[in-house]
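An overview of the molecular structure
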Amino acid sequence: MSINMIVRRSLWLVHRRMLLVNSGTKFMSSAQNMDKIPQIATDAVLMRSEKMPGDAIEVKGYDFNQGLDFHKLMESYKTTGFQATHFGKAVDEINKMLDAKQIPLPEDVVREGTALNPVGRQKTNCTIFLGITSNIISSGLREIVRFLVQHNLIDCMVTTAGGIEEDIMKCLAPTYIGQFRVKDKEFRTKGLNRIGNLIVPNENYCMFEDWCVPILDKMKQEQDEEGINWTPSKMISRLGKEIDNPESVLYWAYKNNIPIFSPALTDGAVGDCMYFHSFRNPGLKLDIIEDLRRMNSQAVFAAHTGMIIVGSGLIKHHICNANLMRNGADYAVYLNTAQEYDGSDAGATPSEAVSWGKIRIHADPVKVYGEATLLLPLLVAETFYKRVKLPQQEKVDEPSGSQQQQGMSS
């Protein structure tokens, strides 16, 4: 091996050793740095919080170790979070309506306001509108609605045609519990109609037509001979009078002079009856323009208004639009499952209604996203029910004979 080659090899070995030493030093330095938490992660994860306001509400649910107290359970919804908190707010909003309604008005204001109302319903400090879709009456919620109307707890109701006819039909024949998943083609051949997991035999509709057509004949006669200008709400009141059944929502609305408006009354079995009747005895007319004035007047001449809208679509907008005529409702509760992302009126939030002037700017409206059969009974239990003194409650509250005597002697 030449001297040059030996020198070059020696230099190469020295250079290699230096590289190994340098890389080892860098590795040790990197290992030492890995022992330290990156500052960027510390800043992101361990960010300091601002102090919560003094009136901030703590999340807390119901403790069943205390035993079962229904009212306290419902009150705990306010602090549970999510839709339970919205439910609690809805309870508060409805109770605000009812509190406002109980504030007395001067006699001259009541007298003037009652005279201005084309329905003639006595004016109070808060006019409460209830909107319900037809499936509410199809279900067992019909009895909840009947309670409200029977005890004169609302002032005006809006529903669709199904909400009218199915109230009457249930006085004639029952609706049954079924299932959501059935063989619908077989149901059609058997004359069974399905509403979700409810079953309405088609015979019920036949019975309704047999009951309804003679009333349409009378209405036609009264129109021709007495000059009565029938409207959908007047017809609904007449049906309530004719059914004469205390199980009926329409019956109690007639008895308590609570107007029920249904601007799409022709869209259902009632409309089918009127269609067939137009061939047998043509000429009956319903004036929707007069009903529009009757409906809007419930809001225009009100001292304050509250809206409780269960479901959406036509019933929701009809009530909201009437309240637009007075620059918005003072109180509002929506209960439905619709979302706002498709731009539909059904899913429109109370905040959107404020932009239209259908709910007042100073109002504190609430929307509860939920299914009505689960939530409406609970809402009524925590609000309207507590304002009614039922006969059985009076018996419970009355002291026994010995207690009465003790009280008298003391």
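See above for the structure.
Let us look at the structure shown here. (Residues numbered from 1 in each chain as written. Predicted model: local features only at pLDDT ≥ 70, side-chain atom pairs only at ≥ 80, totals over all residues. Heavy atoms only, no water.)

Below, the discussion takes up the pattern of salt bridges. For the structure on display, the rule yields 17 salt bridges. With a closest N to O distance of 2.9 Å, Arg121 and Asp155 form a salt bridge. Here Arg121, found in the loop between α5 (107–116) and β1 (127–132), pairs with Asp155, found in the loop between α7 (141–150) and β2 (156–158); they are 34 residues apart in sequence, far enough to count as distant. Taken as a pair, Arg121 and Asp155 share a single burial class, namely buried. Salt bridges linked by common partners bring Lys101, Arg121 and Asp155 together as one network. (Salt bridge = Lys/Arg side-chain N within 4 Å of Asp/Glu carboxyl O. Helix = DSSP H or I, 4+ residues; strand = E, 2+ residues; numbered from the N terminus. Buried < 20%, exposed > 50% of the residue type's maximum accessible area, 1.4 Å probe, protein only.)

This part is about the packing of aromatic side chains. In total, this model carries seven aromatic pairs according to the counting rule given. Taking 5.1 Å as the distance between ring centres and 80° as the angle between the ring planes, the aromatic pair formed by Tyr251 and Trp252 counts as edge-to-face. Ring-pair connections join several aromatic residues into one group, and the members of that group are Tyr275, Phe276 and Phe279. (Phe/Tyr/Trp six-rings, centres within 6.5 Å; stacked < 30°, edge-to-face > 60°.)

This brings us to the sheet that holds strand β8 (residues 331–336). In space, the six strands of this open sheet follow the order β6-β2-β1-β7-β8-β9, with parallel pairing throughout. Where the open sheet ends on each side, the last strands, each with one partner, are β6 (260–261) and β9 (366–369). Pairing between β1 and β2: three bridges, direction parallel. Bridged to Gly131 within β2 is Val158. Along the sheet face, helix α15 (residues 314–324) touches β1, β2, β7 (305–310) and β8 and points at about 170° away from the line of β7. (Pairing = 2+ DSSP bridges. Contact = heavy atoms within 4.5 Å. Axes fitted to C-alpha atoms, helices over the stretch in contact; angles between N-to-C directions.)

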